[in-house]
Amino acid sequence: MGIFSSKNHLNENMLPETLPGHVAIIMDGNGRWAKKRGLPRTAGHSKGVKTFEDVVEMCFTAGVNTVTVYAFSTENWKRPDSEVQYILKLLDEYLDICVEKCLKKGIRMRIIGDRSILPAEMIQKMNDSEEKTAHLHYNLNVAINYGSRAEICHAVNSLIADGKTEITEADISSRLYTAPVGDPDLIIRTGGEIRLSNYLMWQASYAEFYFTDTLWPDFGKKDLYKAFHKFAKTHRRFGGL
Ligand code: FPP
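Residues numbered from 1 in each chain as written. Predicted model: local features only at pLDDT ≥ 70, side-chain atom pairs only at ≥ 80, totals over all residues. Heavy atoms only, no water.

**Comments concerning the nonpolar core**
Of all hydrophobic cores here, the largest spans 48 residues; its most connected members are Ile25, Val67, Leu140, Ile144, Ile188, Leu224 and Phe228. The dominant element in this core, judged by the number of residues it contributes, is helix α3 (residues 81-105), at ten residues. Every residue in contact with Ile188, bar those within four places of it in the chain, is listed here: Val23, Ala24, Ile25, Ile26, Tyr210, Phe219, Leu224 and Ala227. Of all hydrophobic cores here, the second largest spans eleven residues; its members include Ala24, Ile112, Ala143 and Leu200. (Core = buried A, V, L, I, M, F, W, Y, C linked by side-chain atoms within 4.5 Å. Buried < 20%, exposed > 50% of the residue type's maximum accessible area, 1.4 Å probe, protein only. Helix = DSSP H or I, 4+ residues; strand = E, 2+ residues; numbered from the N terminus. Contact = heavy atoms within 4.5 Å.)

**Here we look at the site of the ligand**
The ligand sits among 19 residues. The nearest are Asp28, Arg32, Arg41, Ala71 and Arg79. Asp28 places a polar side-chain atom, nitrogen or oxygen, 2.9 Å from an oxygen atom of the ligand. Within the backbone of Arg32, one N or O atom sits 2.7 Å away from an oxygen atom of the ligand. Elements supplying a minimum of two residues to the shell around the ligand: α1 (30-36), α2 (41-62) and α3. (Near = heavy atom within 4 Å. Polar contact = N/O pair within 3.5 Å; in protein donor to acceptor, adjacent residues only side chain to side chain.)

**Description of helix α5 (residues 148-161)**
Since one α-helical turn is 3.6 residues long, residues separated by three or four positions face the same way. With 14 residues, α5 extends 20 Å between its outermost C-alpha atoms, agreeing within 8% with the 20 Å of an ideal straight helix rising 1.5 Å per residue. Ser148, Glu151, Ala155 and Leu159 are the residues of α5 that are buried. Take α5 and look down its axis: the buried residues cluster within an arc of 75°, on one side only. Every exposed residue of α5 that faces more than 90 degrees away from the buried side is listed here: Arg149 and Ala161. Among the residues trailing α5, Gly163 stands out with phi positive, at a value near 90°. (Expected span 1.5 Å × (residues − 1). Arc of directions from axis to C-beta.)

As structure tokens, then:
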């Protein structure tokens, strides 16, 4: 039973017996959600933050231990500057709220990705959020300026810098941003596209996938539980029989 369970909040009977320990999410479809309503794309991102809060809470309540979300990719810089600035400001402001919630709920926050090119104040906030929550048990990883290829290059370069001349799979895994939390069991992507978009490509080797047409701001408990049930039905063999 998860730490947030309360009688009114969730009907635990609806959950399958087997749950993923680590769920990763590609939160896609904010822009289309807004467009459908005649709103600016930015309104979709604001609504996306609310959905993020609800879904993360639902995951931990259900008993999931680690959630990793894709908030801003290394490719998202290609968007119009006004949208990039809006998303970064939204994430920056949300960090303050998020750290308070995490402290209350026993969640350790980690920001994954290359933070070095972000504004100094935002970097400071990220470092502080991680330090303040470092003693907590559940894990929330927020990918900001994250790209899987860049992450793998970063891992390899750090091994080379340490003088390694032969590199094993375990070496690379140990230098990924996600090293402390391990690989995801289930990857959910909303918004109808069937691709990874440079997200956790190394870590996804044996993950189960759940793709849905539901746009991120519309994603709710019913969708999440559907993903959990599909996961529970899968027999994971990890290459064996
Ligand atoms: C994907 O939709 C969303 C993003 C790239 C923006 C980041 C996500 C949020 C603001 C949600 C909240 C996250 C946190 C961590 C607080 P899109 O813009 O690609 O949508 P489209 O495919 O419809 O254009």
